[in-house]
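Examining the three-dimensional arrangement
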Amino acid sequence: MIDRKFVARVAGLGGAAALALGLLSTGAANADTFIPLPGGQIVKTLSDGTVLTIRLVGESANINPSMGATPVHRNAWVSGSAQVDVTDGWNGAIFPGYVVACQVNIDGGGAEGGVTGGLDWSDSQNVKPSVGATSGANLSLGPGQAQSFYVLDLEQADDFGNEAHKKRNKFKGGSGSVTWADETIGLSGCGGYAQARAFVSVEVETDNVITWTTLWGQPFSLG
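Reading the values: the criteria
- Residues numbered from 1 in each chain as written.
- Predicted model: local features only at pLDDT ≥ 70, side-chain atom pairs only at ≥ 80, totals over all residues.
- Heavy atoms only, no water.
- Helix = DSSP H or I, 4+ residues; strand = E, 2+ residues; numbered from the N terminus.
- Buried < 20%, exposed > 50% of the residue type's maximum accessible area, 1.4 Å probe, protein only.
- Contact = heavy atoms within 4.5 Å.
- Areas by Shrake-Rupley, 256 points an atom, 1.4 Å probe, with all protein chains shown as cover.
- Phe/Tyr/Trp six-rings, centres within 6.5 Å; stacked < 30°, edge-to-face > 60°.
- Pairing = 2+ DSSP bridges.

Considering the overall build of the protein chain
Assigned secondary structure in the protein chain consists of zero helices and 16 strands. Here the protein chain holds 223 residues, and the buried ones make up 50% of them. Sequence-distant contacts in the protein chain: of pairs separated by 6 or more residues, those separated by 24 or more amount to 74%. Summed over its atoms, the accessible surface of the protein chain is roughly 10100 Å², and 50% of this surface lies on carbon and sulfur atoms.

Right under this line is the structure:
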């Protein structure tokens, strides 16, 4: 049973997608391009026998014309849902996010692949993404650069009653989820091709193990 769902607002990238699978509006110059994405799933057995399942479902991107109206500006809306199950009812936290890259190959081998060309991760499932932006709203990348950000920005009071911002959804009882819809990211400064890729990182703590596991979605072109 999924214990909580959060709808968060992200960011999106733009430009003309090479993977154009459908137009949401008419007008050749200003049409949005809808890209359904396959999501993914991984099942990992931890060292103490605990089984962790991570799924990325309902994933899509809507590439739309950038307000910048130049080749170095991109814009898109992204949506998806991260779902996690852990045997024996262990607790954990879900950290969904995206990697955005300018003239960098981030197709690291399917849903479980890592990022190459600027982010050298030899074990894609165990890597903790190097998050360099607080959101995807105003990313500026040059050729050969890539940057990651988390989707969630949850406000809550810390131990002293001050406002704190968390990038994860905690879950109890062995399952949890996070859903985001029409999250917008703006990319500027990239004169070449640009790509983005979703990831879902999950931290699980049992009596014997604390582990970090990452599921990667399929890369998609931003033009």
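After that view, the rundown keeps rolling.
Describing the packing of aromatic side chains
Within the structure shown, the criterion is met by six aromatic pairs. Taking the centre distance of 4.9 Å and the plane angle of 40° together, the rings of Phe95 and Trp212 count as tilted. Taken together, the residues span a long stretch of sequence, with Phe95 in strand E6 (residues 91–102) and Trp212 in strand E15 (residues 210–216) at a distance of 117 residues. Through a chain of ring-to-ring contacts, three or more aromatic side chains come together here, namely Phe95, Tyr150, Phe199, Trp212 and Trp216.

Some remarks on unusual backbone geometry
For Gln103, which is not glycine, the phi torsion reads 55° and is therefore positive. On the secondary structure map, Gln103 appears in the loop between E6 and strand E7 (131–133). Although it is not a glycine, Asp182 adopts a positive phi angle of roughly 50°. If you trace the backbone, Asp182 turns up in strand E13 (residues 175–188).

Regarding the pairing of strand E5 (residues 73–86)
Among the 14 residues that make up E5, eleven are buried, leaving the element largely enclosed by the rest of the structure. Taken together, the twelve bridges between E5 and E13 define a ladder with antiparallel strand orientation. From the neighbouring strand, Gln83 faces E13, where its bridge partner is Ser177.

That is the geometry; function is a separate question.
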